[in-house]
Structures are given as C-alpha cells and as structure tokens.
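Reading the structure
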Amino acid sequence: MRQVTVVEHLLLRQKERPMASGRFTRLLTELILSAKIIDREVSKAGLLDVLGVTGEVNVQGEIVQKLDDFANRVIIRRMERAGVLCAMVSEENADFIPIPRQYPVGDYILIFDPLDGSANIDANVSIGTIFSIYRRTSFDQQAVSVGDLLQKGSMQVAAGYIIYGSSTMMVYTAGNGVHGFTLDPSVGEFLLSHPDIKIPERGRIYSVNEGYFSYWDEPTKNIVNYFKSNDSATGRPYSSRYIGSLVSDFHRNLIYGGIFMYPADSRDLRKPSGKLRLMCEAAPMAMIAEQAGGLATDGIRRILDIEPQELHQRVPLFIGSKQDVEVVLKFYADAAKS
C-alpha cells in the first residue's frame, strides 16, 4: 500500500478548507525541512563537535547546549525566509523575533522550543522540537507587538513536536485530530505511521521527578501517593516512568496512556510556578493532548484557557489520559474546599 507523506497529508487537509491559501502548508513544509536538518546533526552528534555546552546562559537561566543553539539558529534562519510569518518566539531568546525587512511577511506566528530535553543530549536520550502556530490579531499594516503574541492556547492554529529517538517522528494537530509521521531515512520523507492518535482514557504510567517530593504542595504529594497506592479496580499502582524530557515522556504516555506531571515547587523562588513554559511547551502539548482525547491542567485551570502575561511565563503542568488528569482536578478541588 502506498504511504502518505506529511506534505501530501497537509495538501489533502487543505482541500477540505475552501478558503485555504496554501500558506499554512508552506509553513509546515519549511518547519519539516528544519527538523530534517536538526535530525541529521542529532544522529551524528557524537562524531561532530556539537555535544556539550556553549558556555552561555539563556533567558531561562539555563546552560545552553551546543545542539540547542544549532537547532535554534536553523529554525530561525529557515523560517524567517518562508514568507508566511510575522514573528517568532523561541525559548532561547528573551524577546520575540521579528521578520527582517528584506523578507516577505505573513500573518502566522511561530512559537517553539528548538530542542526540548537538551540537558540529556550528552547521554543520548531522546529529545525533541516543540512548536505552536498562531495567527496575528492586529491589522497586517501595523507593526507586530507583544500583544499579538500573548494569546491563549485555545487560539492555536496548530501544534506539534518532532521527537529525535530510535526513529524520528513528527506528531501534529491542526484541530482535526492528532497524526504521527515517521521519518524514512531511505527516502528522506516523513510518512504517515500513526493516523488519528487517541490517548487511552486511563493509563498505567505516571511521570514525575519524585526527587522534588519534599518541595511540593500537599495536593501534589497526595496525587502522586494516589497513583502509587494499591487499588486493583483502577489498575493501581501505576508504573513510574520518568525520562526528564517533556517530549519523550509525553510521547510515550500519548501512545500507552498515563499522566505527566511537572508541578510547582518551592526549590527556586525565581520559579514559583515550576519550570515549564506556558507558550512554547505547555500550550502546544495541551492542544495535542485534547485533540487526542486527553486533558491538560495546571491543577485548577485548563491550560488552553490561561491568558499569558509574558512570553516566557511558567506554569505547572499535569497532562495525559483524561481520567488520570481528572484525578488531579479532584484533589485540587478538594484541597480548595478544606
């Protein structure tokens, strides 16, 4: 049977929308090419001088890895020439990135984490690129402002990630389900391998860094203890699986079912809401989770309903199978009543 490439899949979806102009397909096509370039470097990282750190610290206060920096530059350089964007936001850059004057400008906004899980690069753990796409909210004639970028996750046009692991895979949604494409290195194309992905309603896996247990609030401690406790009716205890790369942990749970948690903690007073960024990590993953039948919350609010106040805003994240995330919501609701 003939396999469908990701570009063919995009074009087929485009035909379903009479008003489609092809610009969105162009955007995804350029992003896919960026991913192929990044994948090429990741796959031979041990043979090139791209392992280790650059010696710089990014806007998040984190040490910049060489591959992180490479991925960031590849995406910016390719996407600024695509003619479909008016601005970009990268986890690695303090301010938003306008499109240089010499290039044509469109009305899409790309928000991305160039290489999630980069702290694990030297250990050869799966890492990934997370992306989120919005439309600008102001008139085209006006200069792009931060206000155009600070949109709720529910306003996303599309979201996805590329995971660089035992195989390289792209998972994305444009609001019509979640689809996965695996890169066939023999032909250099992403081929449809996981159509219409659905996350199981209840999983058997919980993913969280339990080393921070003493820094969590009581609801979070109770939630983790719940998943560890014995109850055959709900399939507990769950298995603990934590890689420390959001893309990797989320992707496994998307396929098998389960819940990923990165709660707020009191370790660092500069990060009272946890580590993960709302716009370039939590929101795109939340869109994917919901389109696959799952849920995503900060414990109280739906992630996609949160109004961002700044580009690099952090947020607690509980995401995964619907029934597992509903457990989180119940624990926090009960704590609010007491």
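Residues numbered from 1 in each chain as written. Predicted model: local features only at pLDDT ≥ 70, side-chain atom pairs only at ≥ 80, totals over all residues. Heavy atoms only, no water.

- Taking an unreviewed UniProt entry as the reference, the chain is identified by name as Fructose-1,6-bisphosphatase class 1 belonging to Desulfomicrobium norvegicum.
- Its UniProt record, at the heading Subunit (unreviewed entry), says of the chain: "Homotetramer."
- The annotation that UniProt attaches to the chain under Catalytic activity (unreviewed entry) is "beta-D-fructose 1,6-bisphosphate + H2O = beta-D-fructose 6-phosphate + phosphate". (UniProt positions renumbered as here; feature names shortened; annotations may be inferred.)

1. What about the side chain of Asp 113?
- With respect to the helices and strands, Asp 113 occurs in strand 5 (residues 108-116).
- Buried charge without a partner: Asp 113 forms no salt bridge, and the closest opposite charge is Arg 277, 4.9 Å away. (Helix = DSSP H or I, 4+ residues; strand = E, 2+ residues; numbered from the N terminus. Buried < 20%, exposed > 50% of the residue type's maximum accessible area, 1.4 Å probe, protein only. Lys, Arg positive; Asp, Glu negative; His and termini not counted. Salt bridge = Lys/Arg side-chain N within 4 Å of Asp/Glu carboxyl O.)

2. Let's talk about the packing of helix 6 (residues 246-256) against helix 7 (residues 278-291)
- Two numbers describe how helix 6 lies on helix 7: the axes approach to 12 Å, and their chain directions differ by 10°. Classified by the angle their axes make, helix 6 and helix 7 are roughly parallel. Facing Leu 246, Val 247, Phe 250 and Leu 254 of helix 6, the residues of helix 7 in contact are Glu 281, Met 285, Ile 288 and Ala 289.
- Split into classes, the residues belonging to the contact of helix 6 with helix 7 amount to seven nonpolar, no polar and one charged. (Axes fitted to C-alpha atoms, helices over the stretch in contact; angles between N-to-C directions. Parallel < 35°, antiparallel > 145°, perpendicular 65-115°, else oblique. Contact = heavy atoms within 4.5 Å. Nonpolar A, V, L, I, M, F, W, Y, C, P; charged D, E, K, R; others polar.)

3. Focus: the pairing of strand 5
- In terms of residue burial, strand 5 counts as a mostly covered element, since nine of its nine residues are buried.
- The sheet contact formed by strand 3 (residues 85-90) and strand 5 spans five bridges and is parallel. By the bridge assignment for strand 5, Ala 87 is matched with Ile 109.
- Alignment of strand 5 against strand 6 (residues 127-135), held across seven bridges, turns out to be antiparallel. Residue pairing across strands places Ile 111 opposite Ser 132, the latter belonging to strand 6. (Pairing = 2+ DSSP bridges.)

4. Observations regarding the UniProt feature "domain: Fructose-1-6-bisphosphatase class 1 C-terminal" (unreviewed entry) in the chain
- Per the UniProt record, "domain: Fructose-1-6-bisphosphatase class 1 C-terminal" (unreviewed entry) is found at residues 199-332.
- Across residues 199-332 one finds 35% helix and 12% strand; the C-alpha atoms that close the span lie 23 Å apart.

5. Points about the environment of Tyr 215
- Note on placement: Tyr 215 falls in the loop between strand 11 (205-207) and helix 5 (218-228).
- Remark: the alpha-carbon pair of Tyr 215 and Ala 264, spanning 49 residues in sequence, is separated by 8.5 Å.
- When neighbours within four sequence positions are excluded, Tyr 215 is seen to be in contact with Asp 265, Ser 266 and Arg 267.

6. With respect to the sheet that holds strand 10 (residues 189-194)
- Here eight strands make up an open sheet; going across it, the order is 4-3-5-6-7-8-9-10 and the pairing mixed. Here the strands that pair on one side only, and so sit at the sheet edges, are strand 4 (97-98) and strand 10.
- Of the strand pairs in this sheet, strand 9 (residues 178-184) and strand 10 are connected by five bridges, and their pairing is antiparallel. Bridging from a neighbouring strand, Gly 180 pairs with His 194 of strand 10.
- Strand contacts of helix 6: strand 5, strand 6, strand 7 (158-164), strand 8 (168-173) and strand 10, with the helix running at about 105° to strand 7, the strand carrying the most contacts.

7. Examining the UniProt feature "binding site: Mg(2+) 2" (unreviewed entry) in the chain
- If you check UniProt for "binding site: Mg(2+) 2" (unreviewed entry), the listed places come out as Asp 113, Asp 116 and Glu 281 in our numbering. For the annotated residues, spread through 169 residues, the largest C-alpha to C-alpha distance comes to 8.6 Å, consistent with a single compact locus.
- With relative accessibility at 1%, the residue Asp 113 sits in the buried group.
- Structurally, the position occupied by Asp 116 is in strand 5.
- Residue class for Asp 116 comes out buried when judged on its relative accessible area of 6%.
- Leave out the neighbours within four places in its chain, and Asp 116 touches Ile 127, Gly 128, Ile 130, Ser 245, Leu 246, Val 247 and Glu 281.

8. What about the packing of helix 2 (residues 23-43) against helix 3 (residues 66-79)?
- The interhelical angle for the contact between helix 2 and helix 3, taken along N-to-C directions, is 155°, at an axis separation of 9 Å. Taken together, the axes of helix 2 and helix 3 are roughly antiparallel relative to one another. The handedness of the crossing between helix 2 and helix 3 is right-handed. Residues Leu 27, Glu 30, Leu 31, Leu 33, Ser 34, Ile 37, Ile 38, Glu 41 and Val 42 of helix 2 pack against Leu 67, Phe 70, Ala 71, Val 74, Ile 75, Arg 78 and Met 79 of helix 3.
- Here the residues of the contact of helix 2 with helix 3 sort into 12 nonpolar, one polar and three charged. (Left-handed = near helix turned anticlockwise from the far one by under 90°.)

9. Let's talk about the nonpolar core
- Core analysis: the largest hydrophobic core is formed by 43 residues, its most contacted members being Tyr 161, Phe 250, Leu 254, Met 285, Ile 303 and Leu 317.
- Among the elements that take part in this core, helix 7 stands out by supplying 10 residues, more than any other.
- Not counting chain neighbours up to four residues away, the residues in contact with Leu 254 comprise Tyr 161, Val 171, Ile 197, Lys 198, Ile 199, Pro 200, Ile 288 and Ala 292.
- Judged by nonpolar contacts, the second largest core, of 42 residues, contains Val 42, Ala 71, Ile 97 and Leu 183. (Core = buried A, V, L, I, M, F, W, Y, C linked by side-chain atoms within 4.5 Å.)

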